[in-house]
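Observations on the three-dimensional arrangement
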Amino acid sequence: MHEASIALSLVDLARDVLREHGAGRATSLTVRIGEWSSVVPEALQAAFPASAHGTPLEGAHLNVVRVPGVGECPEHGPVELELARGLRCPTCGAPTPQLLQGDELELDELELI
Ligand SMILES: [Zn+2]
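Quick notes on the rules
Residues numbered from 1 in each chain as written. Predicted model: local features only at pLDDT ≥ 70, side-chain atom pairs only at ≥ 80, totals over all residues. Heavy atoms only, no water. Helix = DSSP H or I, 4+ residues; strand = E, 2+ residues; numbered from the N terminus. Rg over C-alpha atoms; globule rule 2.2 N^0.38 Å. Buried < 20%, exposed > 50% of the residue type's maximum accessible area, 1.4 Å probe, protein only. Contact = heavy atoms within 4.5 Å. Areas by Shrake-Rupley, 256 points an atom, 1.4 Å probe, with all protein chains shown as cover. Lys, Arg positive; Asp, Glu negative; His and termini not counted. Charge placed at Lys NZ, Arg CZ, Asp CG, Glu CD. UniProt positions renumbered as here; feature names shortened; annotations may be inferred. Donors = N, O, S within 2.8 Å, 3.2 Å for Na, K, Ca; no water. Tetrahedral: all angles 85-135°; square planar, octahedral: opposite > 155°, others 65-115°. Expected span 1.5 Å × (residues − 1). Arc of directions from axis to C-beta.

On to the overall build of the protein chain. When helices and strands are tallied, the protein chain shows two helices and six strands. Counted from the first residue to the last, the protein chain has its helices and strands arranged as α-β-α-β-β-β-β-β. The C-alpha atoms of the protein chain give 17 Å as radius of gyration, which overshoots the globular expectation for 113 residues (13 Å, by more than 25%). Counting over 113 residues, the protein chain shows a buried share of 38%. For the protein chain, long-range pairs separated by at least 24 residues make up 69% of all intrachain contacts whose partners lie at least 6 apart in sequence. When the accessible surface of the protein chain is totalled, it reaches about 6300 Å², and 51% of it is carbon and sulfur. Side chains of the protein chain give 7 positive and 17 negative charges; the mean places of these two sets differ by 3 Å.

What follows is the structure, encoded as structure tokens:
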């Protein structure tokens, strides 16, 4: 259960932020998940309540924002990649081995009480 450990580290991260702000609880948190990361948003959302249980994050709503993959085509510059085609420019098919965005997993927003 890869997502369960990710949910736990998200809870840890959010608790640090709460502590920094002297906030007691959070009502919701938003994470950005790249379409090219190995994280399955549904699995993360399913794992979250158990990880948040007994913490200041208990009952908080987890929002997921999907971040599309963007590669750099020598011909077309930054292009939005299609998962089905792999690391290739969708227009000309040139390989775009470097992912400019789309493999992230980050805490974006935390709504505090
Ligand atoms: Zn291209």
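Under the UniProt annotation, the feature "binding site: Zn(2+)" (unreviewed entry) is placed at Cys73, His76, Cys89 and Cys92. Despite a sequence span of 20 residues, these residues sit close together in the fold, their greatest C-alpha distance being 8.6 Å. Following the sequence through the fold, His76 ends up in the loop between strand 3 (70-73) and strand 4 (77-80). According to the relative accessible area criterion, His76 is partly exposed, its value standing at 37%. Apart from the residues lying within four places of it in its own chain, the contact partners of His76 are Cys89, Thr91 and Cys92.

Time to look at the coordination of the zinc ion. For the zinc ion, the protein coordination sphere consists of Cys73 (SG), His76 (ND1), Cys89 (SG) and Cys92 (SG), at 1.9 to 2.3 Å. Bound by four donor atoms, the zinc ion shows angles of 101 to 114° at the metal and therefore tetrahedral coordination geometry. If you list the donors of the zinc ion from N- to C-terminus, the spacing comes out as C-x2-H-x12-C-x2-C. Taken as a pair, His76 in the loop between strand 3 and strand 4 and Cys92 in the loop between strand 4 and strand 5 (99-101) lie far apart in primary sequence, 16 residues in all.

Because each turn of an α-helix spans 3.6 residues, side chains separated by three or four positions in sequence point in the same direction. With 19 residues, helix 1 (residues 2-20) extends 28 Å between its outermost C-alpha atoms, agreeing within 8% with the 27 Å of an ideal straight helix rising 1.5 Å per residue. Listing the buried residues of helix 1 in full gives Glu3, Ile6, Ala7, Leu10, Val11, Ala14 and Leu18. For helix 1, the arc enclosing every buried residue in end-on projection is 145°, short of the 170-degree limit, so these residues lie on one face. For helix 1, exposure combined with an orientation more than 90 degrees from the buried face picks out Arg19 and Glu20. The elements touched by buried residues of helix 1 are strand 1 (26-34), helix 2 (41-52) and strand 6 (105-112).

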